Amino acid sequence: DIYQGCKKLKQVDLVEGAVLHDTIAALLLEEWKNVMNDNLDAINQSLPTARAGSYDNNYDDMGGKAMAIRRWIRTVLRKIVDYKAQHRSLLNEAATALQHALPNDIVIKNVLPFLELPSYTFEVEVH
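Everything quoted here is computed from the prediction, not taken from an experiment.

**A few points about the nonpolar core**
Logical step 1: Counting residues in each nonpolar core, the largest one holds 16 residues, and the members touching the most others are L27, M36 and I43.
Logical step 2: Broken down by secondary-structure element, the contributors of at least two residues to this core are α1 (17-26), α2 (30-46) and α3 (63-101).
Logical step 3: Broken down by element, the residue count for this core peaks at six residues, all from α3.
Logical step 4: M36 has contacts with I24, L27, V76, K79, I80 and Y83, leaving out every residue within four places of it along the chain.

What follows is the structure in structure tokens.
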């Protein structure tokens, strides 16, 4: 494991952080935004005290840092995928209600684009 023996690893910086932050900012509910931001910050709270593991011939001791990072990635991805699905569901409900009150072309051209999430697709690996 690449994090095995990395005692100085204390922080994770996201490679695609801007995309994820844009998606979080576009979520409909403030609660979702707060949960996601808390989840993003959580890894940097736990890494400094997680065990690094041993890098000698004992491959069974990968340490807590590697496990914490894996668990964190899965948690963040599952949450964002779930919130995007819920966002889409709420958006569809709102669009249906608006289409009854407004002409369809107004809803499609002038309302829905402001409620859409960024188009980036987050995928969760199945283990």
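**Looking at the packing of aromatic side chains**
Logical step 1: Inspection of every chain in the model, using the stated rule, returns one aromatic pair.
Logical step 2: With 5.1 Å between their ring centres and 15° between their planes, W32 and Y83 make a pair best called stacked. Here Y83 lies in helix α3 and W32 lies in helix α2, a separation of 51 residues in the sequence.
Logical step 3: Since its relative accessible area comes to 6%, W32 is described here as buried.

**A look at α2**
Logical step 1: With 17 residues, α2 should cover 24 Å at 1.5 Å per step; its first-to-last C-alpha distance of 25 Å lies within 8% of that length.
Logical step 2: Bending of α2 peaks at approximately 25° at the position of L40.
Logical step 3: Residues of α2 that are buried: W32, K33, M36, N39, L40 and I43.

**So, the environment of L29**
Logical step 1: Topologically, L29 is positioned in the loop between α1 and α2.
Logical step 2: By relative accessible area, which is 38% here, L29 ends up partly exposed.
Logical step 3: Each C-alpha atom of the pair L29 and Y83 lies 9.3 Å from the other, and the pair is 54 residues apart in sequence.

**With respect to the environment of W72**
Logical step 1: In this structure, W72 sits in helix α3.
Logical step 2: Residues W72 and D41 lie 31 residues apart in sequence; the distance between their C-alpha atoms is 9.9 Å.
Logical step 3: Once you skip the residues sitting within four places of it in the chain, W72 turns out to touch V12, L14, N39, L40 and I43.

**Quick notes on the confidence of the model for the protein**
Logical step 1: Confidence along the protein averages 78 in pLDDT terms, with 76% of residues attaining 70 or more.
Logical step 2: Between the elements of the protein, mean pLDDT differs from a low of 72, seen in helix α4 (residues 104-115), to a high of 91, seen in α2.

**Structural notes on α1**
Logical step 1: Within the span of α1, buried status applies to G17, L20, T23 and I24. Considered in projection along α1, the buried side chains sweep an arc of 130° and stay on one side of the axis. Relative to its buried face, α1 has exposed residues pointing more than 90 degrees away, namely A18 and A25.

Calculation rules
- Residues numbered from 1 in each chain as written.
- Predicted model: local features only at pLDDT ≥ 70, side-chain atom pairs only at ≥ 80, totals over all residues.
- Heavy atoms only, no water.
- Core = buried A, V, L, I, M, F, W, Y, C linked by side-chain atoms within 4.5 Å.
- Buried < 20%, exposed > 50% of the residue type's maximum accessible area, 1.4 Å probe, protein only.
- Helix = DSSP H or I, 4+ residues; strand = E, 2+ residues; numbered from the N terminus.
- Contact = heavy atoms within 4.5 Å.
- Phe/Tyr/Trp six-rings, centres within 6.5 Å; stacked < 30°, edge-to-face > 60°.
- Expected span 1.5 Å × (residues − 1).
- Bend = angle between axes of the 7 residues up to and from the residue.
- pLDDT = per-residue confidence, 0-100.
- Arc of directions from axis to C-beta.

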